[in-house]
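# Remarks on the overall topology
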Amino acid sequence: IVGPSGSGKTTIVQTLRRALHALGRRMPMYTMNPKAMPREQLLGKMDLDTREWFDGVLTSSARKVVKEASDVRSWIVCDGDIDPEWIESLNSVLDDNHLLTMPSGERIQFGPNVNFIFETHDLKFASPATVSRMGMIFLSDEATDIDCIIASWVRTLPEADQSKVGDWIGDYFHKALAWVLDQGVADVALETTKAGVVHGGLSHLHGAATKGAFVAGLVRGLGSNLSPAKRAEFAKQVYLWANESPADRNNPLNSFYDDRAQGHAAYQLDSSAPVTLDQLNAP
């Protein structure tokens, strides 16, 4: 399953697994990120002094799935970058042989009830031999349905807030999102995906009970990945659309929504209550 972060790769796997569970199928699933560990930790190693073999994460999972009954379908999910350093070791698993040869020389034969699933953002470092052995589901950034992401997020809110937040999203969020997505690479701090921008914008809107709080959160969320100059320009534009006034019109970024005062206020340094080291270290 190939696609950018946030495009729904993991959701596809989880949805299919839940559907099979609903049909009464038992679906053991072993998930790992092969790129996040050394080759020996993934595939196992042999102690050169004692000749003792130690299983890796993948080989340990392989031993478990081959012990399952033939009517149990097991998935081994490799979630992360495809790297020739480890993927080439699985070529014989992915072809008609379904055979994993470990560095110790031992072989594990997989049955038709075992599937390997790979989640990655691209196939830049995958060889033609590897690609030709697998079926592909490609999820593009352009095809990402942001309305589904937003609707799913709205459903996580308290039922009493869903209607008004949905209205604010329709009035301001989509317009602000389009403005941010139109900015060039030079105007963003870190290149990201469309889904990443949406999730970033929504992350600051939790608990927004008023339009002012929503607008202040929108400026922080969607504007966080813009350059400082563009972020200030974006903030002025959002406040203008919403007919809201920041605490400091000359510096709209120096503003937050004060729930107690029910209005926008400027950030201030409060030195009257000194912070102790224990407070900083507190969880």
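Just so it is clear, the structure is predicted and the values come from calculations on it, not from any experiment.

### Observations concerning the overall build of the chain
When helices and strands are counted, the chain shows 12 helices and nine strands. Relative to the compact-globule value of 19 Å for 283 residues, the chain shows a C-alpha radius of gyration of 25 Å, a clear excess of over 25%. Along the three orthogonal principal directions, the C-alpha set of the chain runs to about 70 × 45 × 40 Å. Restricting to contacts in the chain with at least 6 residues of sequence separation, those with at least 24 account for 63%. Only carbon and sulfur atoms are counted for the fraction: they give 52% of the accessible area of the chain, which is about 16300 Å². When the 27 basic and 35 acidic side-chain charges of the chain are each reduced to a single mean position, those positions are 3 Å apart.

### Brief notes about the packing of helix α10 (residues 211-223) against helix α11 (residues 228-242)
Contact geometry of α10 with α11 gives a least axis separation of 10 Å together with a crossing angle of 155 degrees. Put simply, α10 runs roughly antiparallel to α11. Viewed along their axes, α10 and α11 form a crossing whose handedness is right-handed. Every residue of α11 that contacts α10 at Lys211, Val215, Ala216, Leu218, Val219, Leu222 and Gly223 is listed here: Arg231, Phe234, Ala235, Val238, Tyr239 and Ala242. Of the residues belonging to the contact of α10 with α11, the class tally is 10 nonpolar, one polar and two charged.

### Regarding a nonpolar patch on the surface
Among the surface-exposed residues, Val275, Leu277 and Leu280 lie close enough to one another that they form a single nonpolar patch of about 340 Å² accessible area. Considering the arrangement of structural elements, one finds Val275 in the loop between β9 (263-265) and α12 (277-281). With a relative accessible area of 57%, Val275 lands in the exposed category.

Calculation criteria
Residues numbered from 1 in each chain as written. Predicted model: local features only at pLDDT ≥ 70, side-chain atom pairs only at ≥ 80, totals over all residues. Heavy atoms only, no water. Helix = DSSP H or I, 4+ residues; strand = E, 2+ residues; numbered from the N terminus. Rg over C-alpha atoms; globule rule 2.2 N^0.38 Å. Contact = heavy atoms within 4.5 Å. Areas by Shrake-Rupley, 256 points an atom, 1.4 Å probe, with all protein chains shown as cover. Lys, Arg positive; Asp, Glu negative; His and termini not counted. Charge placed at Lys NZ, Arg CZ, Asp CG, Glu CD. Axes fitted to C-alpha atoms, helices over the stretch in contact; angles between N-to-C directions. Parallel < 35°, antiparallel > 145°, perpendicular 65-115°, else oblique. Left-handed = near helix turned anticlockwise from the far one by under 90°. Nonpolar A, V, L, I, M, F, W, Y, C, P; charged D, E, K, R; others polar. Patch = residues over 30% accessible without salt bridge, like charges linked within 9 Å, V, L, I, M, F, W, Y side chains within 5 Å. Salt bridge = Lys/Arg side-chain N within 4 Å of Asp/Glu carboxyl O. Buried < 20%, exposed > 50% of the residue type's maximum accessible area, 1.4 Å probe, protein only.

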